[in-house]
Amino acid sequence: MILVILIALLFAGGVLAWMSERVNPNLPRSIALATVLLDLLIMLTLLGSGDSGQWIASLEASWIPRFGISFYLAVDGLSLLLILLTAFLGIIAIGSAWDEITERAGFFYFNLLWTLAGVVGVFTALDLFLFFFFWEVMLIPMYFIIAIWGHENKNYAAMKFFIFTQVTGMLMLVSILVLAYFHYVQAGVFSFNYHDLLNVSFTSRVEMWVMLGFFIAFATKLPSVPIHSWLPDAHSQAPTAGSVILAGILLKTGAYGLIRFAVPLFPAASMEFAPIAMTLAAISILYCAKVAFAQHDIKRLIAYTSVSHMGFVTLGVYAWNEQALQGAVMTMLAHGLSAAALFMLAGGLQHRIHTRSMPDMGGFWAKVPRMAIVALFFSVAALGMPGLGNFIGEFLALLGAFQANIWLTVVSAFGLIFASVYSLWVIQKVFQGEYNSSKFDDSHLSDLSRREMLYFGAMMIGLVWMGMYPQSFLDLSAGTLSGLLSATADAAVAVAEVAQ
Amino acid sequence: MTMTLSDLLPLMPLLLVTGTAVLAMIVVGIQRHYTLTVVVTITGLLIATIVAAMMMSFTNQQVTPLLVIDQYSLFFTVITCASAMFIAILSYPYLQNLQDQREEYYLLLGVATIGAVVMVSSNHFVSTILGLETLSMSLYGMVAYPVHVKDSAKFPLEASVKYLVLSAAASGFMLFGMALVYAQTGTLAFSSVVELVNGETAGLGAGFSIVALLMIIAGMAFKLSLAPFHMWTPDVYEGSPIPATTYLATIGKAGMFVVLLRFIEASDALEFEGVVLVLSLLAAASILAGNLLALLQENIKRILAYSSIAHMGYVLIAIIASFYVEGSISIEAVTFYLLAYMIMSLGAFGVASVISSSESERDHIDDYTGLFWRSPWLALVFTGMLLSLAGIPLTVGFIGKFYLFFAGVEAALWVLLAALIIGSGIGLYYYLRIVYRMVLKADDATTLTSDGAASLSAYGVLAVLFVLLLILGVYPAPVMNLIEVISATI
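Trainee: So what's going on with the overall build of chain A? Residues and values would help.
Mentor: Along chain A, the regular secondary structure elements total 21 helices and two strands. Taken against the 2.2 N^0.38 rule, which gives 23 Å for 500 residues, the C-alpha radius of gyration of chain A at 22 Å falls within 12% of a compact globule. For chain A, the C-alpha atoms occupy an extent of roughly 70 × 55 × 40 Å along the three principal directions. Within the span of chain A, comprising 500 residues, buried residues form 61% of the whole. Within chain A, residue pairs in contact and separated by at least 24 positions form 81% of the contacts whose partners lie at least 6 positions apart.

Trainee: Explain the overall build of chain B residue by residue, including any values.
Mentor: From N to C terminus, chain B includes 21 helices and two strands. Scaling as 2.2 N^0.38, a compact globule of 490 residues should have a C-alpha radius of gyration of about 23 Å, and chain B matches this with 22 Å. Oriented by its inertia axes, the alpha-carbon framework of chain B measures out at about 75 × 55 × 40 Å. When the 490 residues of chain B are sorted by exposure, 58% land in the buried category. The long-range fraction of contacts in chain B, counting pairs at least 24 apart against all pairs at least 6 apart in sequence, stands at 80%.

Trainee: Describe the nonpolar core, listing the residues and the values that go with them.
Mentor: One finds Ala340 of chain A together with Ile317 and Tyr337 of chain B to be the most contacted residues of the largest nonpolar core, which totals 389 residues. When residues of this core are assigned to their parent elements, the largest contribution, 20 residues, is made by helix α15 (residues 329-355) of chain B. Not counting the four nearest positions on each side in its chain, isoleucine 317 of chain B is found in contact with Ala283, Leu404, Gly408, Leu413, Leu416 and Leu420 of chain B.

Trainee: Give me the interface of chain B and chain A: which residues, what numbers.
Mentor: Each partner contributes to the interface: chain B provides 22 residues, whereas chain A provides 24 residues. When contributions to the side of chain B that touches chain A are tallied by element, the ones reaching two or more residues are α18 (396-410), α19 (414-439) and α21 (477-487) of chain B. For the side of chain B that touches chain A, the element with the most residues is α19 of chain B, which contributes nine residues.

Trainee: Got a sec to walk through the environment of tyrosine 72 of chain A? Specific residues and values, please.
Mentor: Residues and elements named next belong to chain A. Residue placement: tyrosine 72 occurs in strand β2 (residues 69-75). A residue is classified by how many C-beta atoms lie within 10 Å of it, and tyrosine 72, with 24 of them, is buried. Along the primary structure tyrosine 72 and asparagine 193 are separated by 121 residues, whereas in three dimensions their C-alpha atoms are 7.8 Å apart. If near-sequence neighbours (up to four positions away) are discounted, tyrosine 72 is found in contact with Glu60, Leu126, Asp127, Leu130 and Asn193.

Trainee: So, the pairing of strand β1 (residues 57-64) of chain A: which residues are in play, and what are the values?
Mentor: Pairing analysis gives seven bridges linking β1 of chain A to β2 of chain A, with the strands arranged antiparallel. Among the inter-strand pairings, isoleucine 64 of chain A is bridged to a residue of β2 of chain A, identified as isoleucine 69 of chain A.

Trainee: Would you mind going over the confidence of the model for chain B in detail, with residue names and values included?
Mentor: In regions of low pLDDT, the predicted coordinates are not meant to be interpreted in detail. Residue and element names in this part refer to chain B. The predicted model of chain B averages 88 in pLDDT, with 94% of residues at 70 or higher. When the elements of chain B are averaged for pLDDT, helix α8 (residues 195-198) gives the smallest value, 60, and helix α5 (residues 104-120) the largest, 94. At the level of chain-chain contacts, confidence expressed as ipTM amounts to 0.89, with global pTM at 0.92.

Trainee: Explain helix α11 (residues 240-265) of chain A to me, using residue names and the numbers behind them.
Mentor: Residues and elements named next belong to chain A. If you check α11, its first and last C-alpha atoms are 36 Å apart, about what 26 residues at 1.5 Å a residue would give, namely 38 Å. At leucine 258, α11 shows its largest bend, some 40 degrees. Burial of α11 is extensive: 26 of the 26 residues sit out of reach of the surface.

Trainee: Quick one: what's the story with the packing of helix α3 (residues 77-97) of chain A against helix α14 (residues 322-353) of chain A, residue by residue and with numbers?
Mentor: Residue and element names in this part refer to chain A. Interhelical geometry of α3 versus α14 gives an angle of 5 degrees and a closest axis separation of 11 Å. Classified by the angle their axes make, α3 and α14 are roughly parallel. Facing α3, whose interface residues are Leu78, Leu81, Leu85, Leu89, Ile92 and Ser96, α14 presents Val329, Leu333, Gly336, Ala340, Met344 and Gly347. Looking at the contact of α3 with α14, its residues break down into nine nonpolar, three polar and no charged.

Trainee: Give me the lowdown on unusual backbone geometry, citing residues and values where you can.
Mentor: In this chain, leucine 222 of chain A is followed by proline 223 of chain A through a cis amide linkage whose omega measures -15 degrees. At histidine 354 of chain A, a position not held by glycine, the phi torsion is positive, near 60 degrees. Structurally, histidine 354 of chain A can be placed in the loop between α14 and α15 (364-367). Here histidine 354 of chain A falls in the exposed class, since 11 other C-beta atoms lie within 10 Å of it. Phi is positive for aspartate 268 of chain B, which is not a glycine, with a value near 55 degrees. By the element assignment, aspartate 268 of chain B lies in the loop between α12 (251-267) and α13 (273-294).

Trainee: Give a detailed account of the environment of tyrosine 314 of chain B, specifying residues and quantitative values.
Mentor: All names here are of chain B. Relative to the helices and strands, tyrosine 314 is located in helix α14 (residues 300-324). In this structure tyrosine 314 comes out as buried when scored by C-beta crowding, with 27 C-beta atoms within 10 Å. Sequence separation of tyrosine 314 and isoleucine 287 is 27 residues, and the distance between their C-alpha atoms is 6.7 Å. Once residues lying within four places of it in the same chain are set aside, the contact partners of tyrosine 314 are Ile287, Tyr337, Leu404 and Leu420.

Trainee: Any chance you could break down the packing of helix α17 (residues 389-404) of chain A against helix α19 (residues 450-468) of chain A for me, citing the residues and the numbers?
Mentor: Two numbers describe a pair of packed helices, the interaxial angle and the distance between the axes. All names here are of chain A. Packing of α17 against α19 brings their axes to within 6 Å, and their N-to-C directions diverge by 45 degrees. As the angle between them shows, α17 and α19 are arranged oblique. For the pair α17 and α19, contact is made by Gly389, Phe391 and Ile392 and by Leu463, Met466 and Gly467, respectively.

Trainee: So, the environment of isoleucine 417 of chain A: which residues are in play, and what are the values?
Mentor: Mapped onto the secondary structure, isoleucine 417 of chain A falls in helix α18 (residues 406-431). Distance from isoleucine 417 of chain A to leucine 286 of chain A, taken between C-alpha atoms, is 9.8 Å for residues 131 residues apart in sequence.

Trainee: Give me the pairing of β2 of chain A: which residues, what numbers.
Mentor: In terms of residue burial, β2 of chain A counts as a mostly covered element, since five of its seven residues are buried. Hairpin remark: β1 of chain A followed by β2 of chain A, antiparallel, with four residues in the connecting loop; positive phi at glycine 68 of chain A, about 65 degrees.

Parameters and conventions
- Residues numbered from 1 in each chain as written.
- Chains lettered and ligands numbered in written order.
- Predicted model: local features only at pLDDT ≥ 70, side-chain atom pairs only at ≥ 80, totals over all residues.
- Helix = DSSP H or I, 4+ residues; strand = E, 2+ residues; numbered from the N terminus.
- Rg over C-alpha atoms; globule rule 2.2 N^0.38 Å.
- Buried ≥ 20, exposed ≤ 12 C-beta atoms within 10 Å, placed from the backbone.
- Contact = placed C-beta atoms within 7 Å.
- Core = buried A, V, L, I, M, F, W, Y, C linked by C-beta atoms within 7 Å.
- Pairing = 2+ DSSP bridges.
- pLDDT = per-residue confidence, 0-100.
- Expected span 1.5 Å × (residues − 1).
- Bend = angle between axes of the 7 residues up to and from the residue.
- Axes fitted to C-alpha atoms, helices over the stretch in contact; angles between N-to-C directions.
- Parallel < 35°, antiparallel > 145°, perpendicular 65-115°, else oblique.
- Nonpolar A, V, L, I, M, F, W, Y, C, P; charged D, E, K, R; others polar.

So this is what it looks like as structure tokens:
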């Protein structure tokens, strides 16, 4: 029941925020903040109840009996980590929009909360129809966020985002239906239940095609080369809060889908496909790091680094051993915070000086020292400094991947070096060098306010915590991951034997 | 053959609709009173809807060889009468300021509905043609209705003549095909043409049957505006007054589709590979042509016209699937999708109708700029309808598309499914284009809504459709069960 409340609260809060605009234009943001805070508190009550490998809370009710579809939500350690991240970044996003969004604020917070509701649904749904339902539900409000409050080229970016994710989503829908149909043929009843569908058996050729449907949908969201091109556009045009949600949470739904659905449902095909997926991951890491270095637009740069970092997640997932998976999950969490923070900084800069062009910037250290320190912290986090969360994630992912594929791991490890190059280059370009106020309007250039420091501080604490004491996060996801690993062990062995 | 009272009882909805048209005519004859005529029409259609809905649970019989009144036909009778009622309500404010006689429009609407009810109940070529021509004849009138009005911005006469000429040609094709089938089977009732070919009574041979079937399908494809028989659709849609367009796009399509479904099922036409191939080509061509051509349009009516071409292509996939799939799932898919299509199209055209009137049609895409901030509720409804047409969850269109995908997957129609995915992807672009226009900042602050009292009922219709759209999108189980039951009888 608690899971329904989590989602329903966000939906209801969204409607309430929209309606409250008539009363007072400042009311929507307070209502939105209160809603997400309440949601976070409810989620925290789930912590510590039950073993992390088990379902901590679940709910199942018949929904569309004609197709055996049920309203089935459940949370285990992995889901819990991710919905906590969702609520946390939701609060951060509301904070970043607090002053920035003044026009039509009611509708903005409505969309923000509905996106969050869709994401929480994605992380908790265990009926594949319901999963797909939430998967699509989170797109429309995100479309509106980009299309209404975005920047100069928002129509193009919003449209591209929507079409990429929706079309690949339909491929996944076909795969889900094939899966359900095979279950119907083999078991005699319609079902979209995750646990039922785990037992479906295929011929290897069919399994590969069906798996690809899932993989393409998740790889688009992740995103991975060669279907990543929507992301830089979406990010550079979205308002800051939109970027935070997009980079911090929405990308993680793709990774979550790979871990929860794509590999466990089709273990044999996934193992067979793993070398290709890992190659794509290595290409994403290196290619996008290189492309990031070539950007002038600071938001596009951060967007490309996101693709590069998410490559480590793909790499870890398809290495499919405990360390690599732990690394992938850790990277998801740490990147969620660091990318969100960097987008907030870029958004904050744009809000102050109305440009995202890095060649125009320079010498900001003297003008906005607090902002410079914060930016340095998160850049260093993103490049994988030991002691911060990203390092743990990427290190574990590489460690695990090394056992699966030595050469790709070696190549991917160069991504860490490239990351240092572009991260420090940004700092150099923006905060050091010559200050030249003729290229932009610096009348609003002010340092971070107290409220902003609060948000960045919270995210810093999160990253340090992840870096210094990762065990508290690893413990939560360990049960889930080892359960998934043991369930797919047979298939992994079989594929390994064929390969030898 | 004699008619008894027990034969008349199942015909109640049809008789009620007929009675409505007659009564409206008498009322107009006594005194021309616009509102009274509308009220009579709406009330009559409402009663027919309710009666048909009540009869669904216990009526299942063939009334004369011409009409079959089973649950399936009653289901579509309900939909037809309800839609006709909605259109009548939407027409009321639209035609209010027409500088001409306005009452006869509702007679035409009533008579057209008689034709549509006959069509959904028909399993005989004679009743098909009777229903079809009754419907079409009235539609010619409805399309050309504002022809005497000087300020009428559009070209109703051109639309009407275009529709008349092409429609007559299509009817000719269909009649020729029917004659050929008759030559084969010796009956005008829908019946299998296959056994005659394989068994001893060879008739005139399989090739002959295929030609006959293809001629009928070509005629029907014209009425359904499936590519490549779709050329008339955008022009006629654009030239007609919006309520007439709505009628054409909803009831005209659904009625014909029910006939096509019954005919395909009864004639076993899909036993012939050639027919399957032709239908598949029609479906793929409609999906691609409809969606691609819609990209180029600047006129809402033309966009919706092309999108309706695509949607008819989508439904055709389920009809083709019915041959490969055991059980009735693909017939359920057709039924549910048609229901969904009716709701979305009525809603989308309804919004256009509410902000337009017979003097000024607001059907250019620029007319909708900033609608979200000028008339939020109207824009919300329109957005819902467009997203539903695009097949996004929370709306009935998603469940409909889910049904189609399911039927397609079970039948393993991979090529057509690929067309469906590509088509839907393209479709997103032009639906979102309209949505994007609506959320843009408005250039001028003028509200588009017409005067309150008259359009209040039209807002009511839109609200009902919007609620239906959401309820069926979130909790479709009851309607699905109903459709499962009624589809088993086909």
